[in-house]
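Structure assessment
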Amino acid sequence: MSTEDVEVRRSPRRRRTVSARREGDRVVVLIPASMSRSEERVWVARMLDKLKAGERRRRPSDTDLLTRASELSERYLGGHARPRSIRWVSNQRSRWGSCTPADGSIRLSDRLQGMPGYVVDYVILHELAHLLVAGHNRDFWTLLRSYPRLERARGFLDGVALAKGLDIADDADEDTSVDDASVEDATA
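Residues numbered from 1 in each chain as written. Predicted model: local features only at pLDDT ≥ 70, side-chain atom pairs only at ≥ 80, totals over all residues. Heavy atoms only, no water.

So, the packing of helix α2 (residues 62-77) against helix α3 (residues 117-132)
Helix-helix packing is described using two parameters, namely the angle between the two axes and the distance between the axes. As a packed pair, α2 and α3 sit with axes 10 Å apart at the nearest point and diverge in direction by 70°. Judged on the interaxial angle alone, α3 and α2 are roughly perpendicular. The hand of the α2/α3 crossing is right-handed. Two secondary-structure elements touch here, α2 through Leu65, Arg68, Ala69, Leu72, Ser73, Tyr76 and Leu77 and α3 through Asp121, Ile124, Leu125, Leu128, Ala129 and Leu132. A per-class count over the contact of α2 with α3 returns 10 nonpolar, one polar and two charged. (Axes fitted to C-alpha atoms, helices over the stretch in contact; angles between N-to-C directions. Helix = DSSP H or I, 4+ residues; strand = E, 2+ residues; numbered from the N terminus. Parallel < 35°, antiparallel > 145°, perpendicular 65-115°, else oblique. Left-handed = near helix turned anticlockwise from the far one by under 90°. Contact = heavy atoms within 4.5 Å. Nonpolar A, V, L, I, M, F, W, Y, C, P; charged D, E, K, R; others polar.)

Written as structure tokens, this is what we have:
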């Protein structure tokens, strides 16, 4: 990020805190008016790094997604699901993610970018499970059962879909129960 993309705002009311936020294409760094120019340079650099780190967490790269998918597969699927690729796509309007088991590729809707990590993890895990089980039957949901935020993530996605008026496909197979609890698929 170049220096012309940064605006520093000094405030006489601000005593100790420094903060940064995006406003369009610009980063605004808010600092105390009493701060020296050298302190300002240090804090601007620190806040830019912090802002970038937060953005990377919320919008991971395709390489970061593949690393995360491998970690999730190891942790929840015993490492059995091994995707060859995972990437963001902008053409999925009726689903959160999809996969092609034949070539091991996973695609995530770019609408997931910026959502909480546990939600993105759920969609990745959902697609990883499809590399092992094609449908949404008992075996499929049994694979996902160990994910502690399964229902919370699914509820979050349902809420987003409802709030935004999205027509998210619900392609759940006939047998979608896990331990006698009905589970409908929102990511299909």
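Re helix α5 (residues 150-164)
An ideal rise of 1.5 Å per residue puts 21 Å on 15 residues; α5 measures up with 21 Å between its terminal C-alpha atoms. Listed in full, the buried residues belonging to α5 are Leu150, Ala153, Arg154, Leu157, Val160 and Ala161. Across the axial projection of α5, the buried residues extend over an arc of 120°, all falling on one side. Across from the buried face of α5, at angles greater than 90 degrees, the exposed residues are Leu162 and Ala163. Looking at the packing, one finds that the buried side of α5 touches α3 and α4 (138-144). At the exit of α5 stands Gly165, carrying a positive phi of roughly 65°. (Expected span 1.5 Å × (residues − 1). Buried < 20%, exposed > 50% of the residue type's maximum accessible area, 1.4 Å probe, protein only. Arc of directions from axis to C-beta.)

Some remarks on the nonpolar core
Residues Trp96, Leu108, Leu112, Tyr122, Ile124 and Leu128 are the most contacted members of the largest nonpolar core, which totals 35 residues. Secondary-structure elements contributing two or more residues to this core are α2, β4 (85-89), β6 (105-109), α3, α4 and α5. Ranked by the residues each element gives to this core, the list is headed by α3, at 10 residues. Filtering out sequence-adjacent residues up to four positions away, Leu128 remains in contact with Ala69, Leu72, Ser73, Leu77, Ala81, Pro83 and Ile106. By size, the runner-up hydrophobic cluster in this structure holds 10 residues, among which are Val18, Ile31, Val44 and Leu51. (Core = buried A, V, L, I, M, F, W, Y, C linked by side-chain atoms within 4.5 Å.)

What to know about the sheet that holds strand β2 (residues 19-23)
Spatial strand order, β1-β3-β2: three strands in an open sheet with mixed pairing. Two strands lie at the open edges of the sheet, namely β1 (6-11) and β2, each paired on one side alone. Strand-to-strand twist across the sheet, computed as the mean angle between neighbouring axes with direction ignored, equals 25°. (Pairing = 2+ DSSP bridges.)

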